[in-house]
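What the coordinates show
Chain by chain, the residues run as shown.
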Amino acid sequence: MTATTLDPRTALVVVDLQKGIVGLPTVHPAAGVVRRAAELAAAFRAKDLPVVLVRVTGRAPGRTEEPPRAGGLPAPDWADFAPELGQRDSDIVVTKHTFGAFHATDLDLQLRRRGVTQVVVAGIATSKGVESTARAAHEHGYHVTIATDAVTDMDEGVHDNSVGKIFPTLAETDTTEAILKLLG
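Residues numbered from 1 in each chain as written. Predicted model: local features only at pLDDT ≥ 70, side-chain atom pairs only at ≥ 80, totals over all residues. Heavy atoms only, no water.

**A few points about the packing of helix 4 (residues 126–139) against helix 5 (residues 156–170)**
Put simply, the rule is: Helix axes use the C-alpha atoms of the stretch in contact, all axes being lines fitted to C-alpha atoms, and the angles between their N-to-C directions lie in the range 0 to 180 degrees. Runs of E in the DSSP output that reach at least two residues are strands. Runs of H or I that reach at least four are helices, and both are numbered from the N terminus. Between 65 and 115 degrees an angle is taken as roughly perpendicular, under 35 as roughly parallel, over 145 as roughly antiparallel, and anywhere else as oblique. In what follows, residue pairs with any heavy atoms lying within 4.5 Å of each other are defined as contacts. For this classification, the nonpolar set comprises Ala, Val, Leu, Ile, Met, Phe, Trp, Tyr, Cys and Pro, the charged set comprises Asp, Glu, Lys and Arg, and every other residue, Gly included, is treated as polar.
Orientation of helix 4 relative to helix 5, taken along the N-to-C sense of each, is 5 degrees, at an axis distance of 10 Å. With respect to their mutual orientation, helix 4 and helix 5 come out roughly parallel. For the pair helix 4 and helix 5, contact is made by T126, S127, V130, E131, A134, R135 and H138 and by V158, H159, S162, V163, I166, F167, T169 and L170, respectively. Its residues placed into classes, the contact of helix 4 with helix 5 shows 7 nonpolar, 6 polar and 2 charged.

**With respect to the packing of aromatic side chains**
Applied cut-off: Stacked, tilted and edge-to-face are the three classes assigned to paired rings of Phe, Tyr and Trp, where Trp is represented by its six-membered ring and a pair needs centres within 6.5 Å; plane angles under 30 degrees give stacked, over 60 edge-to-face, the rest tilted.
Counting across every chain of the model gives 1 aromatic pair. Each ring, one from F102 and one from Y142, has its centre 6.0 Å from the other, and the planes form 35 degrees; the classification is tilted. With F102 in the loop between strand 3 (92–96) and helix 3 (107–113) and Y142 in the loop between helix 4 and strand 5 (143–152), the pair connects residues that are 40 residues apart, well separated along the chain.

**With respect to the sheet that holds strand 2 (residues 51–56)**
For the record, the criterion: In this scheme, strands are said to pair when DSSP sees at least two bridges between them.
Strand order in this open sheet of 6 strands is 3-2-1-4-5-6, and the pairing throughout is parallel. Strand pairing shows two members of the sheet lacking a second neighbour, strand 3 and strand 6 (172–174), which therefore form its edges. Here the strands of the sheet are splayed against their neighbours by 25 degrees on average, with no regard to which way each runs. Here 6 bridges tie strand 4 (residues 118–124) to strand 5, and the two strands are oriented parallel to one another. Residue pairing for strand 5: V119 is matched across the bridge by V144. The sheet strands contacting helix 4 are strand 1 (10–15), strand 3, strand 4 and strand 5, and the helix crosses strand 5 at an angle near 170 degrees.

**Digging into the nonpolar core**
In plain terms, the rule: Side-chain atoms within 4.5 Å link the members of a nonpolar core, which is a set of buried Ala, Val, Leu, Ile, Met, Phe, Trp, Tyr and Cys residues. Only protein chains enter the calculation, and the probe is 1.4 Å; a residue is then buried if its accessible area is under 20% of its type maximum, exposed if over 50%, and partly exposed in between.
Counting residues in hydrophobic clusters, the biggest one holds 30 residues, and the most contacted among them are L12, V14, L17, F44, L85 and I124. Every element with two or more residues in this core is listed here: strand 1, helix 2 (30–46), strand 2, strand 4, strand 5 and helix 6 (176–183). At 8 residues, helix 2 tops the list of elements feeding residues into this core. Look past the residues within four positions of F44 in its chain and what remains in contact with it is T10, A11, L12, L49, P50, V51, V120 and L183. Of all hydrophobic cores here, the second largest spans 26 residues; its members include V116, V119, V121 and A134.

**Quick look at helix 5**
Note the threshold: Any helix carries an expected span of 1.5 Å times its number of residues minus one. By definition, a residue's bend is the angle between the axes fitted to the seven residues ending there and the seven starting there. Under this definition, polar contacts are N or O atom pairs within 3.5 Å; protein pairs additionally need one hydrogen-donor-capable and one acceptor-capable atom, and for neighbouring residues in sequence, both atoms have to be side-chain atoms.
An ideal rise of 1.5 Å per residue puts 21 Å on 15 residues; helix 5 measures up with 20 Å between its terminal C-alpha atoms. In helix 5, a bend of some 35 degrees at S162 exceeds every other bend along the element. Of the residues making up helix 5, those classed as buried are H159, S162, I166, F167 and L170. Here the buried face of helix 5 lies against helix 4, strand 5 and strand 6. Measuring from the side-chain oxygen of the N-cap residue of helix 5 to the backbone nitrogen of G157 gives 2.9 Å; that N-cap residue is D155.

As C-alpha cells, this is what we get:
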C-alpha cells in the first residue's frame, strides 16, 4: 500500500458521498470517510486541481437477484452531497445511473478537457461505485490512486476483497494523509 506520485494534473473523484448513502450502515464509519474526502477536496481545490463529485440517482436496467427499489428516490434530498464536502461551483458534478462514474456520463470528456492524467478515488461503496469507477478510469488510461481510508462498504468481506485484491491490480493505494503529502 504505497502511492508513489501524483501527476501534475490529477483530479479527485468522490463517489456517492450523498445524504442517502452516507446514512447507511457501513464497515468503517461513513462520517470518517466523508471527513477524509472533504480534506482531500479542500487540498485539491487549494492546488486548483479538479474535484469531481459523483452522485447516483438510479440503477442499471439489467436483471439482478436484488429486487429493484420501488418508486423513485427514498427522500427528496437523498442525492444531495454531504454538506461536509463543501461543494463549490468549480466542482465537476456527475450524475450516474449505474455503479461506475464513467459509464453513460461525460466524466472522461470533462477530465480530458482539463488535461487530467490521474485520478484519486474516494467514496462509498468500495465494491460498487468506487471499484467500478476505478476500473473504468484504469481502462481509460488514467493513473489511479485509491484513498483506502476514504472508502467503505456495507459488507466487510467485499470491502476487504476490493482493497486487498482488486485495487492493487489497477491502482496504487494509500492513506489520505500520504496522498495529501504527495499533493504537497
